[in-house]
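A structural walkthrough
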Amino acid sequence: MLAPSQTETHRHPELVWVGSGAWVACDPAVAEHDPHRIVAYLECKDARVYLLWVGNPDGVHEFDTIRTALEAVSQRLEPLAA
């Protein structure tokens, strides 16, 4: 598991590897055993990153890099308290 880091305005998700090229993005502010902790599923395949939001019927989004996919996840997490 990758440790969380923070920007000035949003939390960055924790990534948990779940298999060959697949990760789940977790909200570090949610308790470890809370099912709401998982916010997205990411899969790296064919030089693309596919992101599926958990609990959101938004469909699958495609990104060029894991970094841009994680930035999208970070922007969806609640803003940090000032």
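Figured I'd write up the structure that's included with this text. (Residues numbered from 1 in each chain as written. Predicted model: local features only at pLDDT ≥ 70, side-chain atom pairs only at ≥ 80, totals over all residues. Heavy atoms only, no water.)

Observations concerning helix α1 (residues 66-76)
Restricting attention to buried positions, one finds in α1 the residues Ala-69, Leu-70, Ala-72, Val-73 and Ser-74. Looking at the buried side of α1, the elements it contacts are β1 (14-19), β2 (22-26), β3 (38-45), β4 (48-53) and β5 (60-63). (Buried < 20%, exposed > 50% of the residue type's maximum accessible area, 1.4 Å probe, protein only. Helix = DSSP H or I, 4+ residues; strand = E, 2+ residues; numbered from the N terminus. Contact = heavy atoms within 4.5 Å.)

Some thoughts on the layout of surface pockets
Gaps left between atoms show up when a probe the size of a water molecule is rolled over them. Roughly 180 Å³ of internal volume is contained in the largest pocket. His-36, Ile-38, Val-39, Val-54 and Leu-77 are the residues nearest the centre of the largest pocket, which is lined by 13 residues in total. Those elements that place two or more of their residues in the lining of the largest pocket are β3 and α1. Residues belonging to the lining of the largest pocket are distributed by class as follows: seven nonpolar, three polar and three charged. (1 Å grid on protein atoms, 1.4 Å probe; cavity = no way out; pocket = protein on both sides within 12 Å on 5 of 7 lines; lining within 4 Å. Points joined across faces, edges and corners; volume = space filled by probe spheres on them. Nonpolar A, V, L, I, M, F, W, Y, C, P; charged D, E, K, R; others polar.)

Regarding the sheet that holds β5
What the five strands build is an open sheet, ordered β1-β2-β3-β4-β5; its pairing is antiparallel. Taken across any chain shown, the strands that pair with only one partner, and hence form the sheet edges, are β1 and β5. Each neighbouring strand pair of the sheet contributes to a mean axis angle of 25°, computed without reference to strand direction. (Pairing = 2+ DSSP bridges. Axes fitted to C-alpha atoms, helices over the stretch in contact; angles between N-to-C directions.)

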